[in-house]
Amino acid sequence: MKLSHFNFDLPKELLAEYPSEHRDEARLMVINRKEGTIEHKYFKDLIDYFDEGDVMVLNNTKVFPARLYGNKEKTGARIEVFLLRELNAEQRLWDVLVDPARKIRIGNKLYFGDDESLVAEVIDNTTSRGRTLRFLYDGSYEEFRQKLTDLGETPLPKYIKREVEPEDEERYQTIYAKHEGAVAAPTAGLHFSKHLLKRLEIKGIDFAEVTLHVGLGTFNPVEVEDLSKHKMDSEELMIDDKAVVTVNNAKKNKKRVCAVGTTVMRALESSVSSERTLNPYVGWTNKFIFPPYDFSIADCMVTNFHTPKSTLLMMISAFVGHDLMMRAYKEAVEEGYKFYSYGDAMLIL
């Protein structure tokens with residue numbers, strides 16, 4: 001399949017700037033792949049589709065406040081710095097994106113905070129907007145990380161045009177987030193409330209947790225018509241023994257394994273044994289899933305509605321079947337479903 005197969009018209013008014021007032025009251029489109037049917041529900045109705053012994057796999061990554069604003073030395077120009085990943089804790093080296101990039105060259109210094117107590121020096125170019133920074137700060141590593149947290153803001157997606165609000169810090173975090181390291185939320189999980197998780201638990205649904213630190217590579221536009229030529233950025237992944245046992249037992253007992261989000265689906269498919277079971281994993285993954293693709297672990301998934309031509313949409317196409325997915329998306333637009341991070345959800349069975 002080619003890039004042009006993944007285009008559709010998305011009216012601007014369907015981009016969700018705010019989430020539902022209650023997390024589990026977002027709308028839920030339920031797609032049955034076998035029957036080719038589409039139902040319209042609410043997210044809290046998710047419980048009706050699962051039975052005792054089924055497993056939901058969650059991504060417990062935690063978003064850190066990755067967007068900083070600094071001023072360039074001499075000119076004082078305001079520069080946005082988006083922290084992508086820490087390269088070396090001891091030397092305080094980070095990969096970042098800068099905006100406007102044309103103003104930032106190797107050797108430039110940036111000053112952060114009213115007291116300018118945090119300084120960064122540009123030591124390398126990585127991509128057109130990418131730079132490597134060395135942070136200079138008088139204090140311990142813990143104090144330095146706290147400083148980044150204090151100065152940073154919640155990295156809401158660019159399509160949200162409003163100002164960041166204090167509430168976004170909580171809104172843009174799943175309730176089961178544990179391990180800091182993501183620059184974007186695993187958004188399918190944003191729909192779970194404590195109440196819904198409790199109800200699922202009481203019904204006997206099991207949970208397994210993996211950690212995939214979401215980077216911006218997930219959202220990078222695909223710019224090649226031949227999908228096999230697209231390269232994904234690597235993201236850090238951890239799958240422990242406990243998750244492996246839970247998932248493999250469910251598969252052995254013919255129970256449903258549900259990936260909550262595209263990040264979980266990618267995590268699971270990044271560590272498959274020759275017997276099509278899950279293996280433990282610690283490392284990085286740059287797996288790109290697009291049609292045709294034979295999935296090994298999860299047999300259903302929860303996801304949000306994605307951007308035209310995105311890698312996420314391509315994964316959904318591989319899982320649902322392209323024609324059924326496009327029919328579902330057409331119906332979502334007609335029915336006024338909200339798209340993207342704060343939008344509505346889809347359950348694919």
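Basis of the calculations
- Residues numbered from 1 in each chain as written.
- Predicted model: local features only at pLDDT ≥ 70, side-chain atom pairs only at ≥ 80, totals over all residues.
- Heavy atoms only, no water.
- Helix = DSSP H or I, 4+ residues; strand = E, 2+ residues; numbered from the N terminus.
- Contact = heavy atoms within 4.5 Å.
- Salt bridge = Lys/Arg side-chain N within 4 Å of Asp/Glu carboxyl O.
- Buried < 20%, exposed > 50% of the residue type's maximum accessible area, 1.4 Å probe, protein only.
- Phe/Tyr/Trp six-rings, centres within 6.5 Å; stacked < 30°, edge-to-face > 60°.
- Lys NZ or Arg CZ within 6 Å of the ring centre and 35° of its normal.

J.: Which residues make up the environment of Glu331, and what values go with them?
T.: For Glu331, the location among the structural elements is in helix α7 (residues 322–334). Once residues within four sequence positions are removed from consideration, Glu331 is found in contact with Met29, Ile38 and His40.

J.: Explain the pattern of salt bridges residue by residue, including any values.
T.: Per the stated rule, a full pass over the model turns up 14 salt bridges. With a shortest N-O distance of 3.4 Å, Glu201 and Lys198 are connected by a salt bridge. Taken together, the residues Glu201 and Lys198, both in helix α3 (residues 194–203) and three residues apart, mark about one turn of the helix. Glu201 sits in the partly exposed class, given a relative accessible area of 47%. Lys198 gets classed as partly exposed once you look at its relative accessible area, which sits at 45%. Residues joined in a network through salt bridges with shared partners are Arg162, Glu165, Asp168 and Arg171.

J.: Help me get a handle on the packing of aromatic side chains, residues and values and all.
T.: Applying the stated criterion across every chain yields a total of 17 aromatic pairs. Considering the side-chain rings of Tyr137 and Phe144, the 6.5 Å spacing of their centres and the 45° angle between planes classify their relative orientation as tilted. What makes Phe144 buried here is its relative accessible area of 0%. Summarising the aromatic geometry, the rings of Phe305 and Tyr329 are spaced 5.5 Å apart at their centres and angled 65° between planes, so their arrangement reads as edge-to-face. Residue Phe305 is located in the loop between β16 (300–304) and α6 (311–320), and its partner Tyr329 is located in helix α7; the two are separated by 24 residues in the primary sequence. When sorted by exposure, Phe305 lands in the same class as Tyr329, which is buried. Taken together through their ring pairs, the aromatic side chains of Phe8, Phe305, Tyr329, Tyr337 and Phe339 make up a single cluster. A cation over an aromatic ring shows up here: Arg33 above the ring of Phe319, its NZ or CZ 3.9 Å from the ring centre. Just above the ring of Tyr18 sits the side chain of Arg162; from NZ or CZ to the centre is 4.0 Å.

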